[in-house]
Each structure stands twice: as structure tokens, then as C-alpha cells.
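What follows is the residue order along each chain.
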Amino acid sequence: MTKEITLTIDGQQVTVPDGTIVVDAAKNAGIDIPVFCYHPKMEPVGMCRMCLVDIGRPVFDRATGEAVLEEDGNPKIQFGWKLETACTVPVSEGMVVDGLSDKVQQGREDIVEFLLTSHPLDCPICDKGGECPLQNLTMAYGSSDSRFIFDEKIHAAKNVALGDLIWLDRERCIQCARCIRFQEEIADDPVLEFFNRGRATDIITNSEPGFDSYWSGNTTDICPVGALTTADFRFGARPWELNQAASLCSHCAVGCNLTYNTRREAKSGGDIVIKRAMPRQNEQVNELWICDKGRFAYHYVDSSDRLTQPLIRKNGELTPASWDEALTLVAEQLKNAGGGLLTLAGGRLPNEDLFNLKKLSEGLGGTAALHSYMAGGDLTAQMSMSETVTLSTIGAGDAIVVVACDLEEEAPVWWLRVKQAAKRGAKLTVVNPRPTKTEHHASEIIRYTYGEEVAAIKKVSLAEAAKVIVFFGSEGLGLEGSAAVAQACAKLAASKSGALVGVWPQANTQGAWDMGLRPGADLSTAKALYIAGADPVGDNPALAETVQKVDFVVVQELFLTEPAALADVVLPAQAQ
């Protein structure tokens, strides 16, 4: 059991686990200590000095080792001659922390004044304005009198493109290094660094192409001053104009929690549009982070190429039609197909749509199938993560096995969580035919050639593991090979009552399995084909001829996909 430490912060007694730093101990007690460089997900560095506090420690007699007492019987507390950074000092028994004294207030005022010596007056146009820690702390601790000498102001470059997605205003940067530390500690992509020294210090990218990372957008979230901004949101809106809409990312199987910021705007014809996607904190799923696909891919869904009205094939060409005309034709043709109706649904549809599609198909005597080349959804449903076996709790003495998948490419946030677990001491085993970035943190790497996947999985040893999580994918395996891998992985996880996780190609493939849909349907037997949220032809061009031979094809999609171009009726869909 972790030792508990009791200390006093601003006159309030606080008890926290041993090893806690002062700023976290204060936060647990509801006491605010201002910070810039400190971030709870990264190692403290004490660079900005904004968290200065006065710290006193009990005095001990060197001869006896006993605490020296005051006349009233309380321990004698000795304060240092200088202020200390609350983000780097661990708590100790009997410690007294003072964040309210005149000495502390003056120290914080001096730090804010120092940071503002060359900071531009960009607040009226800065994207961070209204949600800027520097603004807030300037109001709280900034001096009402200025000693600023205008001729000594340093003018740094503005509108510097670090990459295609991220812009830097060097004048705004306060050198807190949050962005650099995030890329090194969290993302394992150390592509940013400081350049020059003193007041000439700049942030630069050392990768080619610039800011070559899947996680670049997170640096704009944690930048405390608006020095880093995203290309899509830059000068696009003010934070107080935006409405918040909670959502889930639909671009991979992780299901990261998002917040979409929306606004009605004139240039979009008065429509409500998405202005930016932000991570929504969920410590069990994505913590505070999202990958750049989840952050920026909504632009694709928001494209002007979206289908907006039904299309019906007349004289060999798809032409616009009314909803009544299109739905009437679809209803007649699906009824006429009888038991020959096959509904092919994609794994990005929500459970409600999948359930209704299955009921529709079965009600007309047809069948509903999942468009996927990966099996194992029935096994993962039986062996899902639990309260005791999660990516948050697994660590030293436990094991993680990653089979036939590239987590960083296919489920980026799972890659982050697996990397963190490996740093906590979990044994990471990677079973893959080729090198992946996950291997950088692996304790064991097992190679195989295609067709030998099951034999490779049997080589994994979990003898000393207390808890186990097994991730499996379908990299080049096909449906039959994927089923064999899923079975072998399930047997491996079951040996330790562990969890089995499918790295599905789409966000809700597991939901489709849960709704009773299964892959492997034979399209050539269908008299009528209803394709919803799937692109079988794009995934396998050889199926184009099969789809063309079906008597009646209806496709419901966001865009004019390859099967939609072959369909008799195309119905536009709403993005999830």
C-alpha cells in the first residue's frame, strides 16, 4: 500500500500519496496554483516558474533525529530563503506550502511581467483569446503598471508553417516546451526542438516534411498562449461564438471522445458548420488526446462532394430524383426480390442502423451481412476488457500481445496506451511479419511468414503474467486466416482470463457482430442488393462484375462510391 503524506497548503491540511508533487496535492484539495509549463500527463520541468510557492519543512534535531517543537508544541517549520516551483517538489510529511504570501504574489507578478516583455498584443485576433491561460493569469497576477520599453521589444516571425496542419506565431511563444515534451514523451515523435538561446529561442521542426507526426494537433490544445494554431481553425472563429457538441470519433475502432465546435455562419449560407474537432477527456479511452485523422478528417465528411439527393438510373445514367420516387422504386424492387435480398452493411454504421437493416432484410425474407474481411467479433464480445483488465490498469507484471496489426496506423490511440503500459513495466510482445513502430517498446518480437500466424502465436509465453490483453488484426490474412488468428489469440488470452481486442478496420465493426451480422456473404446469389455504408467494389475491384449482374442494386452512401456508380438507385446518407 502506498504511504500517505500529510501536509498543509494555504492553511488547509491535505493528505496525498507519497511521491505526489505539490501542484497536484494542491489541485486534489481544490487549491489553485498557476502553471504554464506543467501538464499532468508529462514529466515536470519547472521551466516557466509560474508555480512559485514558499515551502517550509519541519526542523529535526541532528543529534536525536527528533522534530524540534515550538513552545506551543507544534513542529518548528523552517522556510527557505527563496521560492520553489510547486511542479517539481514532491510532498513530505509536515511540509507547509504558502501560496498566498506577499513574497509569492510578487514572484508570480514578476514572472508574468517577464513573459509579457515581448509578447504581442494579439488578444483581439488570437485564436486562443477567451480560453488563454496567459490572459487569465495576467488578469490575476499582472501588474497594473508597465515598465515595458517599447524600443527593446523583440519582433519574431509570425505565420510560420511548421507543417501542413500547424502554424506557429513565434512572438507569442513563452518557451514552456509543452509541445516539444509532448512530441517526445507522449507521441514518441521528437520532431520539435528549441533553436538558439536566450531571447532568440525559437521552436523549430527537425523533420522532413515539417512536423511529421500523427499527433501534431494536440500541441495546439496544450499550448498555453496560442503560439501554435491549426491551419483549419486559424482566424476562423472566436471561442465564445462556438457551441459544443459531444461526439465519438468514427475513423477507427478506438472510439475516441470528441467535442465538435459548431457555429452558424453567413459564408456557409447560414448553415451550422463544424469549425474544429477537439478531444474530450475520457481516461479509460483516449485520455486527453486524439490523432490528426480524428481531428481533421471531418473536412472530408463536410465536403461539397457529398450526395444531397437521391439518384435513379434512367437510360443507363444516374439522374436526380425525388425521395418519393426513389423510395417507392426501392420498396417495390426489394419486395419483388423475396428471399433473394442481400443487405450488405459497413462497420461504420451505428447499432441502431445495423439493427434496422437486419430487421428490414429478414422481414422481406432476405439476409443481412457485414462487409468485412476480418473475423473474431463473437470471441471479442465474450472476452472484452473489464474493470480489472484495462489499458489504464495494466502495468508491471502484466502482458500485452499485439498480433497481425500495426497499431499506430490502424488504432493510433491504442498505440499510445500500449506504449504507456510498456513504460509502466508491462511485457509487450509483437507478433508481425514486418517491423512496426510498436516494436520500439516491445520486450519480445516474433516474426512469421503468411500462413504461419497460428504457429507464431503459440510461441508467445505468458507464464509470469498476472493480467493479459491481446490485440489482433487482419493484416493480409483474409477472412479465413483472420478467423484462425482470432481463435488462436482467444485461446492465448483465455489462458490468463485476459481480454481480447479486435483492431477492426472500421469504428463499429464490433457493433455489427453484436447486432448479429456476419461477414462472408456471397454477392453472386443475390437478386437484390442493398449496400449501406460499405464499399465492396473499392476494397475488391473484382466484385464490380458481380454487382453489375445483380438484378437490382441500391446504395446508401455519403459519396458517389464505386458501387454507387453501378447502382440502380443511390440514396444519400447522414454522416454519423
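It should be noted that the structure appears before, not after, this text.
Residues numbered from 1 in each chain as written. Predicted model: local features only at pLDDT ≥ 70, side-chain atom pairs only at ≥ 80, totals over all residues. Heavy atoms only, no water.

## Examining the overall build of the protein
Then, in step 1: The helix and strand inventory of the protein stands at 18 helices and 26 strands.
Then, in step 2: Along the three orthogonal principal directions, the C-alpha set of the protein runs to about 95 × 60 × 45 Å.
Then, in step 3: Taking the average location of the 53 positive side-chain charges in the protein and that of its 76 negative ones, the two points are 1 Å from each other. (Helix = DSSP H or I, 4+ residues; strand = E, 2+ residues; numbered from the N terminus. Lys, Arg positive; Asp, Glu negative; His and termini not counted. Charge placed at Lys NZ, Arg CZ, Asp CG, Glu CD.)

## Points about the environment of Leu-428
Then, in step 1: Examined against the element boundaries, Leu-428 turns out to sit in strand β20 (residues 427-431).
Then, in step 2: Leu-428 gets classed as buried once you look at its relative accessible area, which sits at 2%.
Then, in step 3: Excluding anything up to four places from it in sequence, Leu-428 contacts Ile-400, Val-402, Val-418, Ala-422, Thr-438, His-441, Ala-442, Ser-443 and Glu-444. (Buried < 20%, exposed > 50% of the residue type's maximum accessible area, 1.4 Å probe, protein only. Contact = heavy atoms within 4.5 Å.)

## Things to note about the sheet that holds strand β8 (residues 166-168)
Then, in step 1: An order of β7-β8-β11 is seen for the three strands of this open sheet, with the pairing classed as antiparallel. Each end of this open sheet is capped by a strand with a single partner; those strands are β7 (160-161) and β11 (228-230).
Then, in step 2: Sheet analysis places β7 next to β8, joined by two bridges and oriented antiparallel. In the sheet register, Ala-161 faces β8, and the bridge partner there is Trp-167. (Pairing = 2+ DSSP bridges.)

## Some thoughts on the sheet that holds strand β13 (residues 257-264)
The strands that make up a sheet are held in pairs by hydrogen bonds between backbone atoms, and each pair lies either parallel or antiparallel.
Then, in step 1: Here we have three strands laid out as an open sheet, ordered β12-β13-β14, and antiparallel in their pairing. Each end of this open sheet is capped by a strand with a single partner; those strands are β12 (243-248) and β14 (272-279). Averaged over all adjacent pairs, the angle separating strand axes in this sheet is 30°, with direction ignored.
Then, in step 2: The pairing of β12 with β13 spans six bridges and is classified as antiparallel. Bridging across to β13, Leu-248 finds its partner in Asn-257. (Axes fitted to C-alpha atoms, helices over the stretch in contact; angles between N-to-C directions.)

## A closer look at the pattern of salt bridges
Then, in step 1: Counted according to the given criterion, the structure contains 25 salt bridges.
Then, in step 2: In this structure, Glu-444 engages Lys-427 in a salt bridge whose closest nitrogen and oxygen atoms are separated by 3.6 Å. Here Lys-427 lies in strand β20 and Glu-444 lies in strand β21 (residues 444-446), a separation of 17 residues in the sequence.
Then, in step 3: Using a relative accessible area of 30% as the deciding quantity, one classes Lys-427 as partly exposed.
Then, in step 4: Several salt bridges share partner residues, and in doing so they unite Asp-122, Lys-158, Asp-169, Glu-171, Arg-172 and Arg-234 into one network. (Salt bridge = Lys/Arg side-chain N within 4 Å of Asp/Glu carboxyl O.)

## Some details on empty space enclosed by the protein
If a probe the size of a water molecule is rolled over the atoms, the empty space left behind becomes visible.
Then, in step 1: Within the structure shown, the criterion is met by two cavities of 30 Å³ or more.
Then, in step 2: Each residue belonging to the lining of the largest cavity can be placed in one class, and the counts come to 12 nonpolar, one polar and one charged.
Then, in step 3: In this structure, the second largest cavity encloses a volume near 60 Å³.
Then, in step 4: Around the second largest cavity sit Cys-249, His-251, Cys-252, Cys-256, Ile-290, Cys-291, Lys-293, Gly-294, Pro-412 and Val-413, which together line it.
Then, in step 5: Split by residue class, the lining of the second largest cavity holds seven nonpolar, two polar and one charged. (1 Å grid on protein atoms, 1.4 Å probe; cavity = no way out; pocket = protein on both sides within 12 Å on 5 of 7 lines; lining within 4 Å. Points joined across faces, edges and corners; volume = space filled by probe spheres on them. Nonpolar A, V, L, I, M, F, W, Y, C, P; charged D, E, K, R; others polar.)

## A few points about unusual backbone geometry
Then, in step 1: Cis geometry marks the peptide bond from Glu-208 to Pro-209, where omega comes out at 5°.
Then, in step 2: Position of Pro-209 relative to the elements: it lies in the loop between β10 (202-205) and α5 (217-222).
Then, in step 3: In the Ramachandran plot, Asp-188 falls in the positive-phi region, its phi being about 60° despite a non-glycine side chain.
Then, in step 4: Within the secondary structure layout, Asp-188 lies in the loop between α4 (178-186) and β9 (192-195).
Then, in step 5: Backbone geometry at Phe-211 places phi at a positive 50°, although glycine is not the residue there.

## Observations regarding the nonpolar core
Across soluble globular proteins, you tend to see nonpolar side chains buried next to one another.
Then, in step 1: By size, the foremost hydrophobic cluster in this structure holds 93 residues, and its most contacted members are Ile-400, Val-403, Leu-407, Trp-414 and Phe-471.
Then, in step 2: Excluding residues within four positions of it along the chain, Leu-407 makes contact with Val-402, Pro-412, Trp-414, Trp-415, Val-418, Thr-438, Phe-471 and Val-503.
Then, in step 3: Within the second largest apolar cluster, 31 residues are counted, among which are Cys-37, Leu-52, Ile-174 and Val-191. (Core = buried A, V, L, I, M, F, W, Y, C linked by side-chain atoms within 4.5 Å.)

## As for the packing of aromatic side chains
Then, in step 1: For the structure on display, the rule yields seven aromatic pairs.
Then, in step 2: Geometrically, the ring pair formed by Phe-182 and Trp-289 is tilted, given 4.8 Å between the ring centres and 50° between the ring planes. Within this pair, whereas Phe-182 is found in helix α4, its partner Trp-289 is found in the loop between β14 and α6 (292-296), the two being separated by 107 residues in sequence. Residue Phe-182 shares its accessibility class with Trp-289, and that shared class is buried.
Then, in step 3: Measuring from centroid to centroid gives 4.7 Å for Tyr-300 and Phe-559, while their planes differ by 40°, and the two rings are tilted. Highlighted residues: Tyr-300 in helix α7 (residues 298-301) and Phe-559 in the loop between β25 (552-557) and α18 (562-566), separated in sequence by 259 residues.
Then, in step 4: An aromatic cluster of three or more residues is present, and its members are Phe-472, Trp-504 and Trp-513.
Then, in step 5: The residue whose ring lies beneath Arg-276 is Phe-233, and the NZ or CZ to ring-centre distance is 4.4 Å. (Phe/Tyr/Trp six-rings, centres within 6.5 Å; stacked < 30°, edge-to-face > 60°. Lys NZ or Arg CZ within 6 Å of the ring centre and 35° of its normal.)

## Regarding the layout of surface pockets
Then, in step 1: Of the voids in this model, the largest pocket is the one considered here, and its volume is about 1,400 Å³.
Then, in step 2: If you go around the largest pocket, you meet 50 residues; those closest to its centre are Ser-250, Val-301, Arg-348, Glu-557 and Leu-558.
Then, in step 3: Elements with a contribution of two residues or more to the lining of the largest pocket: β12, β13, β14, α7, α9 (351-363), β24 (528-532) and β25.
Then, in step 4: Taken together, 32 residues form the lining of the second largest pocket, with Tyr-38, His-39, Pro-40, Lys-41 and Leu-288 sitting closest to its centre.
Then, in step 5: Those elements that place two or more of their residues in the lining of the second largest pocket are α1 (22-28), α3 (133-141), α4, α5, β14 and α12 (412-423).
Then, in step 6: Considering only residue class, the lining of the second largest pocket consists of 18 nonpolar, three polar and 11 charged.

## Considering helix α2 (residues 102-115)
Then, in step 1: Taking 1.5 Å of rise per residue, the 14 residues of α2 would be expected to cover 20 Å, and the 20 Å separating its terminal C-alpha atoms lies within 8% of that figure.
Then, in step 2: Three or more residues of α2 are buried, namely Val-104, Gly-107, Arg-108, Ile-111, Val-112 and Leu-115. For α2, the angular spread of buried residues about the axis comes to 135°, placing them on one side. Of the residues in α2, the exposed ones pointing more than 90 degrees away from the buried face are Asp-102 and Phe-114. (Expected span 1.5 Å × (residues − 1). Arc of directions from axis to C-beta.)

## Notes on the pairing of strand β2 (residues 12-17)
Residues in a regular strand point their side chains to alternate faces of the sheet.
Then, in step 1: Bridging between strand β1 (residues 4-9) and β2 involves six bridges; their strand directions are antiparallel. By the bridge assignment, Ile-9 is partnered in β2 with Gln-12.
Then, in step 2: Hairpin connection between β1 and β2: a loop of two residues separates the two successive antiparallel strands, and Asp-10 in this loop has a positive phi of roughly 50°.

So, to be careful, I would describe these as geometric facts and stop short of saying anything about function.
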